[in-house]
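Coordinate inspection notes
Residues per chain, in single letters:
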Amino acid sequence: MSEAIDRSTVYRLRPGWRLQWEEAQQCHVLLYPEGMVQLNESAGAILTLLDGKRDVTVLIAELERRYPQAPVQELAQDVEEFLHDASNQGWIHHG
């Protein structure tokens, strides 16, 4: 990861993008004007929590609660890496 994620940052989906459950594919997808991104289970779990109100610390705590079997340190690192990548891809933004 090239730069650290500030855990007090609040992320949300990029305007015009929408997250939804796709029954036919049994996964979450990210819809945008030019197409669709099919998400893995982890990405869907993280993006469903991006409501523009939760900061990264609260987001990680909620995922730890939902997935108690996940190693805490790895979960936090995976979330931070995903948010960094999703931000670089233009899927999400903060502010």
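Owing to the predicted nature of the structure, the values given are computational and were not obtained by experimental measurement.

To continue, consider the packing of aromatic side chains. For the structure on display, the rule yields two aromatic pairs. Geometrically, the ring pair formed by Trp 17 and Tyr 32 is stacked, given 4.5 Å between the ring centres and 15 degrees between the ring planes. In this pair, Trp 17 sits in the loop between strand E1 (11-13) and strand E2 (18-22) while Tyr 32 sits in strand E3 (residues 27-32), placing the two residues 15 residues apart along the sequence. Trp 17 gets classed as buried once you look at its relative accessible area, which sits at 13%.

The next thing to look at is the side chain of Thr 9. Along the chain, Thr 9 falls in the segment before E1. Among the polar contacts made by the side chain of Thr 9, one reaches the main-chain carbonyl oxygen of Asp 6 at a distance of 3.0 Å. Discounting chain neighbours no more than four positions away, the residues touching Thr 9 are Arg 54, Asp 55, Val 56 and His 94.

Here the phi dihedral of Gln 26 falls at roughly 55 degrees; this positive angle occurs in a residue that is not glycine. With respect to the element layout, Gln 26 can be found in the loop between E2 and E3.

Let us now look at the nonpolar core. Among the nonpolar cores identified, the biggest contains 25 residues, and Leu 83, Trp 91 and Ile 92 are the most heavily contacted of them. Contributing elements (two or more residues each) for this core: E1, helix H1 (41-47), helix H2 (56-66) and helix H3 (72-89). Apart from residues lying up to four places away in sequence, Ile 92 is in contact with Tyr 11, Arg 12, Leu 13, Arg 14, Leu 47, Leu 50, Leu 83, Ala 86 and Ser 87.

Two elements, E3 and strand E4 (residues 35-38), share four bridges in a ladder whose sense is antiparallel. Counted as the bridge partner of Leu 31 is Met 36 from E4. Between E3 and E4, which pair antiparallel and follow one another directly, the connecting turn spans two residues.

The rules behind each value
- Residues numbered from 1 in each chain as written.
- Predicted model: local features only at pLDDT ≥ 70, side-chain atom pairs only at ≥ 80, totals over all residues.
- Heavy atoms only, no water.
- Phe/Tyr/Trp six-rings, centres within 6.5 Å; stacked < 30°, edge-to-face > 60°.
- Helix = DSSP H or I, 4+ residues; strand = E, 2+ residues; numbered from the N terminus.
- Buried < 20%, exposed > 50% of the residue type's maximum accessible area, 1.4 Å probe, protein only.
- Polar contact = N/O pair within 3.5 Å; in protein donor to acceptor, adjacent residues only side chain to side chain.
- Contact = heavy atoms within 4.5 Å.
- Core = buried A, V, L, I, M, F, W, Y, C linked by side-chain atoms within 4.5 Å.
- Pairing = 2+ DSSP bridges.

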